[in-house]
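# Structural characterization, general
Residue strings, one per chain:
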Amino acid sequence: MTQTGKSDGGSAGPAVLLTVLLVILVAATVYVFAARLYPAPSPISSAAVLIDRQYNRTLYVAGAVFVLAQLGLAFAIFRFRDRGRPARFTRGSVAAEITWTSLTFLTFLCLGILGRKAWAEVRYAPPAPDAIQVEVTTTQFVYTFRYPGADGKFGRLDPSLINAPAGNPLGLDLNDRTGNDDIVAPDLTVPVSRPVALLLRSQDVVHNFFVRELRLQQDSVPGMMIPVNFTANRTGRYEIVCTQLCGLGHSKMHSFLNVVSEVEYEAFLKKWSASQ
Ligand SMILES: [Cu+2]
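For the structure given in this document, a descriptive report is provided here. This one's a predicted model, so the numbers in the text were calculated from it and none came from an experiment.

The next point concerns the sheet that holds strand E2 (residues 142–147). Overall, mixed pairing links the five strands, which are arranged E3-E2-E1-E5-E8 in an open sheet. The sheet is open, and its two edges are formed by strand E3 (183–185) and strand E8 (226–231), each paired on a single side. Each adjacent strand pair in this sheet contributes to an overall mean axis angle of 25 degrees, direction not counted. Both E2 and E3 contribute to a ladder of three bridges, which runs antiparallel. The residue bridging Tyr 147 from the neighbouring strand is Ile 183, located in E3. Lying over the sheet, helix H4 (residues 262–274) contacts strand E1 (132–139), E2 and E3, oriented at roughly 100 degrees with respect to E3.

And the structure:
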């Protein structure tokens, strides 16, 4: 009631404005995703296709929940707007709480189960017997890739021998014969359609190995050897970037993944073993 005693009809303005804003927000968000304004580069491995499928599934589920929740909120704001009457207190509903908490739990459980293959294939499956082994070492702010050479064995590393300006960034122990044929390169070169088994390690802080086209992103952690597998099925040059803020030079920390033919790969090995 107003001071004059006339009935107060409330104020619909703020409720209408907020409702309209929410509907515009929902429409704009749906448009950004539906029109694919920022498409990801096409995948270059079967595991990347699985990751894309999982991403889309998660996006559809989360998108549907987002649209329903925001439109529900818009409806509630408009329906229960200020009508000049005192607000009524409600206690909520335990049954409704249990229902949507259980539904959320089941949704995430199902998404996790559906996505386990995509995750496990890259991280837990043992590498194929003919996989190409490459050790990836990260340090502020470079990647160094090591191939075991003809003997298939990595030579011993000694941290006290690390001396990048003298050409030994990994601390390769030259007294260890298995290391004599090791190949150390600044780029990662692999043949197309051959399984690759990477071993990630770090010399200083936590870095990351990320190739968008492989949908592969894995931290490298000091003191750990982290295996990841991939098989690239399209030749090309793809950027490898560090996605962990690892210091002042972080934004410049990158390298390249060269996916080449068998012939080019053999030539690469020859060239680098001759230079070392
Ligand atoms: Cu880094």
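Okay, the pattern of salt bridges next. Scanning the entire structure with this criterion turns up eight salt bridges. The residue Arg 215 makes a salt bridge to Asp 52 at a minimum N-O spacing of 2.6 Å. Taken together, the residues span a long stretch of sequence, with Arg 215 in the loop between strand E6 (207–211) and strand E7 (216–220) and Asp 52 in helix H2 (residues 46–79) at a distance of 163 residues. Residue class for Arg 215 comes out buried when judged on its relative accessible area of 18%. The salt bridge involving Asp 182 is made with Arg 146; its shortest N-O contact spans 2.6 Å. Pair noted here: Asp 182 is in the loop between E2 and E3 and Arg 146 is in strand E2, with a separation of 36 residues, a long-range link. The class for Arg 146 is buried, based on a relative accessible area of 2%. Taken together, the salt bridges that share partners define one network made up of Glu 135, Arg 146 and Asp 182.

Reading guide: rules and limits
- Residues numbered from 1 in each chain as written.
- Predicted model: local features only at pLDDT ≥ 70, side-chain atom pairs only at ≥ 80, totals over all residues.
- Heavy atoms only, no water.
- Pairing = 2+ DSSP bridges.
- Helix = DSSP H or I, 4+ residues; strand = E, 2+ residues; numbered from the N terminus.
- Axes fitted to C-alpha atoms, helices over the stretch in contact; angles between N-to-C directions.
- Contact = heavy atoms within 4.5 Å.
- Salt bridge = Lys/Arg side-chain N within 4 Å of Asp/Glu carboxyl O.
- Buried < 20%, exposed > 50% of the residue type's maximum accessible area, 1.4 Å probe, protein only.

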